[in-house]
Amino acid sequence: QVQLVESGGGLVQPGESLRLSCVASGSIADMNIVGWYRQAPGKERERVASIGPNEYHVSYSDSVKGRFAISRDIAKKTMYLQMNSLSAEDTATYYCAQKYGSAWAYWGQGTQVTVSS
């Protein structure tokens, strides 16, 4: 079993930055793909970024490309999401997740990000 715990959310003003962290524990497969999703009230969950075992297998949604950066430290079993130039449209609950096989099988509890002036 894998446990994922996010941190780093909060309230920021438009244009500011935040860095989210996700620490994994349990039976970790370090070579699995991990990623960040977000869900805003009344909207479907959206995958914003994912990363494979190395920095070369990275993808972003069009809505965050150029502003967000995903990274991972396998030795620390930690994944990060650096979020820059935040806007109100980025307000959501952010979840980290890990793939097992073809499914996003493991999820954190979520951390709230609110962008407001």
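This text gives an overview of the structure that appears in the document. (Residues numbered from 1 in each chain as written. Predicted model: local features only at pLDDT ≥ 70, side-chain atom pairs only at ≥ 80, totals over all residues. Heavy atoms only, no water.)

1. Comments concerning the overall build of the chain
Consideration 1: Within the chain, the secondary structure is distributed over 0 helices and 11 strands.
Consideration 2: Walking the chain from its N terminus toward its C terminus, one meets helices and strands in the order β-β-β-β-β-β-β-β-β-β-β.
Consideration 3: For 117 residues, the compact-globule formula gives about 13 Å, and the C-alpha radius of gyration of the chain, at 13 Å, lands near that figure.
Consideration 4: Dimensions of the chain, computed from the C-alpha atoms along their principal axes, are close to 40 × 25 × 25 Å. (Helix = DSSP H or I, 4+ residues; strand = E, 2+ residues; numbered from the N terminus. Rg over C-alpha atoms; globule rule 2.2 N^0.38 Å.)

2. Looking at the sheet that holds strand S1 (residues 2-7)
Sheet strands pair by backbone hydrogen bonding; their relative direction is either parallel or antiparallel.
Consideration 1: As summarised here, the arrangement of the 4 strands in space is S1-S3-S8-S7, forming an open sheet in which the pairing is antiparallel. Strands with a single pairing partner mark the edges of an open sheet, and in this sheet they are S1 and strand S7 (68-73). Taking the axes of each pair of neighbouring strands and ignoring which way they run, one obtains an average angle of 15 degrees across the sheet. (Pairing = 2+ DSSP bridges. Axes fitted to C-alpha atoms, helices over the stretch in contact; angles between N-to-C directions.)

3. Re the state of the cysteines
Consideration 1: Enumeration according to the criterion identifies 1 disulfide in this entry.
Consideration 2: The disulfide partner of cysteine 22 is cysteine 96, and the gap between their sulfur atoms is 2.1 Å. One disulfide, between cysteine 22 and cysteine 96, carries an S-S torsion of 60 degrees and so falls in the right-handed class. Taken together, the positions of cysteine 22 in strand S3 (residues 18-26) and cysteine 96 in strand S9 (residues 92-100) put the pair 74 residues apart, joining distant regions of the chain. For the pair cysteine 22 and cysteine 96, a shared accessibility class is recorded, and that class is buried. (Disulfide = S-S within 2.5 Å. Buried < 20%, exposed > 50% of the residue type's maximum accessible area, 1.4 Å probe, protein only.)

Spatial relationships are all this shows, so hold off on functional conclusions.
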